[in-house]
Amino acid sequence: MLNHEQLLRLMRDKMEHPATPRELQQRLKIPREQRSTLTKLLKELTRNGSLVETRGNRYGLPDRMNLVVGKITTHPRGFGFVSSEGAGDTGWKGDLYIAGSNLNQAMHGDRVVARVERVGSDGRAEGRIVRVLDRGSTTIVGRFDEDGSGLGFVVPFDRRLIMDVQIPNDSYGDAKPGDMVLVEITRWPTPARGPLGRVTQVLGDIDEPGVDTEIIIRKYGIVDEHSPESVAEAEKLGTVVREKDIKGRTDFRSWTTVTIDGETARDFDDAITLEKLPNGNYWLGVHIADVAHYVREGSALDEEAYERATSVYFPERAVHMFPAELSTGLCSLNPRIDRL
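Residues numbered from 1 in each chain as written. Predicted model: local features only at pLDDT ≥ 70, side-chain atom pairs only at ≥ 80, totals over all residues. Heavy atoms only, no water.

With respect to the packing of aromatic side chains
Each aromatic ring pair is specified by the distance between its two centres and by the angle formed by the two planes.
Part 1 of the reasoning: If you walk through the whole model with that rule in mind, you get five aromatic pairs.
Part 2 of the reasoning: With 5.9 Å between their ring centres and 90° between their planes, Phe79 and Phe81 make a pair best called edge-to-face.
Part 3 of the reasoning: Residue classification places Phe81 among the partly exposed positions, given a relative accessible area of 34%.
Part 4 of the reasoning: Linked through ring pairs, Phe79, Phe81 and Tyr97 together constitute an aromatic cluster. (Phe/Tyr/Trp six-rings, centres within 6.5 Å; stacked < 30°, edge-to-face > 60°. Buried < 20%, exposed > 50% of the residue type's maximum accessible area, 1.4 Å probe, protein only.)

Here's what the structure looks like:
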């Protein structure tokens, strides 16, 4: 059965120009019974940017059409750059420059298709956005305000998001002018209109304690709540090391072990021991919490940790990779308490 990789390889080897599905079927010698599969694959590959559909229902490879697929990084001054996802030499230096007039309503972080307009004598290329494939984020953090006529809008906290978001009167929620808020985009920008949104959460005044942390958490999409499934797994493990967990392990409890985290740390992952050897050298032992004993591959805890990848620490709080039952409990090397 034809798949994505096979179709792309066939098109790269045998097609010099964009073609209709019928032409592709004939040129690539795809059996009639796989016609529906071909149509489905073309649509899917177009959605993910591996192919581009042109006028006349023709499909082609972006690099054969002077097109680039990649993410756009916009600058507060109004222009942007597209970093190509394609492998190999692009034919120019650096990223593709996009002037403000050629952004075509693309926003910072969007995955886009851009056309290369020209390559300068210095090897730098300039282009224009022709299509937005995926939006970088459906939510924006910013300051809510009202204009002189009473219409609401949100100024993004991230200055690279260069368009204010309009907020209809019935979408203010509890927001007041000056509040930092989280906004969900309900209508993306068009050539004639800016983006539209609704306030989903009021974070508070930016000068209030803790609001700056909430802004960063929302801005970067850091998940600060654990799933019920992972919490249930963590709670099921209990709060103390069980006898059956100790069996077969080397016992270091008689050693003087010192954690190396500061006194204000919220969890203690690492500790050391130091022993002077007969020859005058020192033996440094590093003791690390055995998280893998509790987190089994394929479990809810494992899957959630895979998505988070790390704990995130702020001056006044931490967003842990694991629920508190593990991060500050069974897997935290607290004084005079047995730990694996």
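Some remarks on the packing of helix H5 (residues 228–236) against helix H7 (residues 300–308)
Part 1 of the reasoning: Closest axis-to-axis distance for the H5/H7 pair is 8 Å, and the angle between their directions is 125°. Judged by the angle between their axes, H5 and H7 are oblique. Between H5 and H7 the crossing geometry is left-handed. Here H5 contributes Glu229, Ser230, Glu233 and Ala234 to the contact with H7, which in turn contributes Ala300, Leu301 and Glu304.
Part 2 of the reasoning: In terms of residue class, the contact of H5 with H7 is made up of three nonpolar, one polar and three charged. (Axes fitted to C-alpha atoms, helices over the stretch in contact; angles between N-to-C directions. Helix = DSSP H or I, 4+ residues; strand = E, 2+ residues; numbered from the N terminus. Parallel < 35°, antiparallel > 145°, perpendicular 65-115°, else oblique. Left-handed = near helix turned anticlockwise from the far one by under 90°. Contact = heavy atoms within 4.5 Å. Nonpolar A, V, L, I, M, F, W, Y, C, P; charged D, E, K, R; others polar.)

Thoughts on the sheet that holds strand S13 (residues 258–259)
Part 1 of the reasoning: Reading across from one edge, S13-S14-S15 is the order of the three strands in this open sheet, with antiparallel pairing throughout. In the strand order of this sheet, the two ends are held by S13 and strand S15 (282–288), each with one partner.
Part 2 of the reasoning: Of the strand pairs in this sheet, strand S14 (residues 270–276) and S15 are connected by seven bridges, and their pairing is antiparallel. Each bridged residue has a counterpart across the sheet, and for Leu274 the counterpart in S15 is Leu284. (Pairing = 2+ DSSP bridges.)

Details of H7
Part 1 of the reasoning: Within the span of H7, buried status applies to Ala300, Leu301, Glu304, Ala305 and Arg308. Summarising the axial view, the buried residues of H7 lie within an arc of 125°, below the 170-degree limit, and thus occupy one face. Seen from the open side of H7, the exposed residues pointing more than 90 degrees away from its buried face are Tyr306 and Glu307.
Part 2 of the reasoning: Of the residues one or two after H7, Ala309 is the one with positive phi, at around 75°. (Arc of directions from axis to C-beta.)

Digging into the pattern of salt bridges
Part 1 of the reasoning: Applying the stated criterion across every chain, the model contains 19 salt bridges.
Part 2 of the reasoning: One salt bridge connects Glu23 with Arg58, and the closest N-O pair in it is separated by 2.7 Å. Here Arg58 lies in strand S2 (residues 58–60) and Glu23 lies in helix H2 (residues 21–27), a separation of 35 residues in the sequence.
Part 3 of the reasoning: Glu214 is the salt-bridge partner of Arg317, the closest N and O atoms lying 3.0 Å from each other. Residue Arg317 is found in the loop between strand S16 (312–313) and strand S17 (318–319), and its partner Glu214 is found in helix H4 (residues 211–219); the two are separated by 103 residues along the sequence.
Part 4 of the reasoning: A residue is classified by how much of its surface remains accessible, and Arg317, at 24% relative accessible area, is partly exposed.
Part 5 of the reasoning: Bridged by salt links that share partners, the residues Glu214, Arg218, Asp224 and Arg317 form one connected network. (Salt bridge = Lys/Arg side-chain N within 4 Å of Asp/Glu carboxyl O.)

Some thoughts on the packing of helix H1 (residues 4–14) against helix H3 (residues 35–47)
Part 1 of the reasoning: Between H1 and H3, whose axes approach to 10 Å, the crossing angle comes to 85°. On the basis of their axis angle, the class for H1 and H3 is roughly perpendicular. Contacts between H1 and H3 involve His4, Leu7 and Leu8 from the first element and Leu38, Leu41, Leu42, Glu44 and Leu45 from the second.

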